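Survey of secondary and tertiary structure
What follows is each chain in one-letter form.
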Amino acid sequence: MQGFDKGIKYDETSFGRVLTTEKARGKSLGKQLIRYAVETIENRFHTSEIKISAQDYLLRFYSEFGFIDTGKKYLEDDIPHTEMIRK
């Protein structure tokens, strides 16, 4: 996972693709990674405003961390994605 300052990927701060291995799934590691990403961005870049590109099947997952659907939908690598923002 990579954190990006404002103006690099979006006008807002962001983080890149988050993944766990198949063997690690079901152990809440994804939730730990997102908490860590949000805390790192807040501490490093001094903002809680974060924009991400989420695979559509993960919209509910990211909403648990305060991300909301911006309504911008698109295909990336033939996978439905939605832009989400956390303020």
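Residues numbered from 1 in each chain as written. Predicted model: local features only at pLDDT ≥ 70, side-chain atom pairs only at ≥ 80, totals over all residues. Heavy atoms only, no water.

Here the focus is the pattern of salt bridges. Inspection of every chain in the model, using the stated rule, returns nine salt bridges. Salt-bridge contacts for Lys51 lead to Glu12; the nearest nitrogen and oxygen are separated by 3.4 Å. Taken together, the positions of Lys51 in strand β3 (residues 50-55) and Glu12 in the loop between β1 (3-4) and β2 (14-15) put the pair 39 residues apart, joining distant regions of the chain. Here Glu64 ties to Lys31 by a salt bridge, and the two come within 3.5 Å at their closest N and O atoms. One end of the pair, Glu64, is in the loop between α2 (59-63) and β4 (68-76); the other, Lys31, is in helix α1 (residues 29-45), and 33 residues separate them in sequence. Since its relative accessible area comes to 29%, Lys31 is described here as partly exposed. When salt bridges that share partners are traced, they join Glu12, Lys51, Lys72 and Glu83 into one network. (Salt bridge = Lys/Arg side-chain N within 4 Å of Asp/Glu carboxyl O. Helix = DSSP H or I, 4+ residues; strand = E, 2+ residues; numbered from the N terminus. Buried < 20%, exposed > 50% of the residue type's maximum accessible area, 1.4 Å probe, protein only.)

For the rest of this paragraph, the subject is unusual backbone geometry. It is generally the case that most residues other than glycine have a negative phi and that most peptide bonds are trans. A positive phi angle, close to 55°, is found at His46, a residue other than glycine. Even without being glycine, Asp77 reaches a positive phi, approximately 55°.

With six bridges joining them, β4 and strand β5 (residues 79-86) adopt antiparallel strand pairing. Opposite Tyr74, over in β5, you have His81 as the bridge partner. Here β4 folds back onto β5 in antiparallel fashion, the turn holding two residues, of which Asp77 has a positive phi close to 55°. (Pairing = 2+ DSSP bridges.)

This brings us to the packing of aromatic side chains. Under the definition given, this model contains four aromatic pairs. Residues Phe15 and Phe67 carry aromatic rings whose centres are separated by 6.1 Å and whose planes lie at 85° to one another, so their mutual orientation is edge-to-face. Taken together, the residues Phe15 in strand β2 and Phe67 in the loop between α2 and β4 connect sequence positions 52 residues apart. By the burial criterion, Phe15 is buried, and Phe67 matches it. A centroid spacing of 5.2 Å and a plane angle of 75° characterise the contact between Phe61 and Tyr62, whose relative ring orientation is edge-to-face. (Phe/Tyr/Trp six-rings, centres within 6.5 Å; stacked < 30°, edge-to-face > 60°.)

Before going further, it helps to spend a moment on the side chain of Thr82. Looking at the secondary structure, you find Thr82 in strand β5. Given a relative accessible area of 0%, Thr82 falls into the buried group. Polar side-chain contacts of Thr82 include one of 2.5 Å to the side chain of Asp56. (Polar contact = N/O pair within 3.5 Å; in protein donor to acceptor, adjacent residues only side chain to side chain.)

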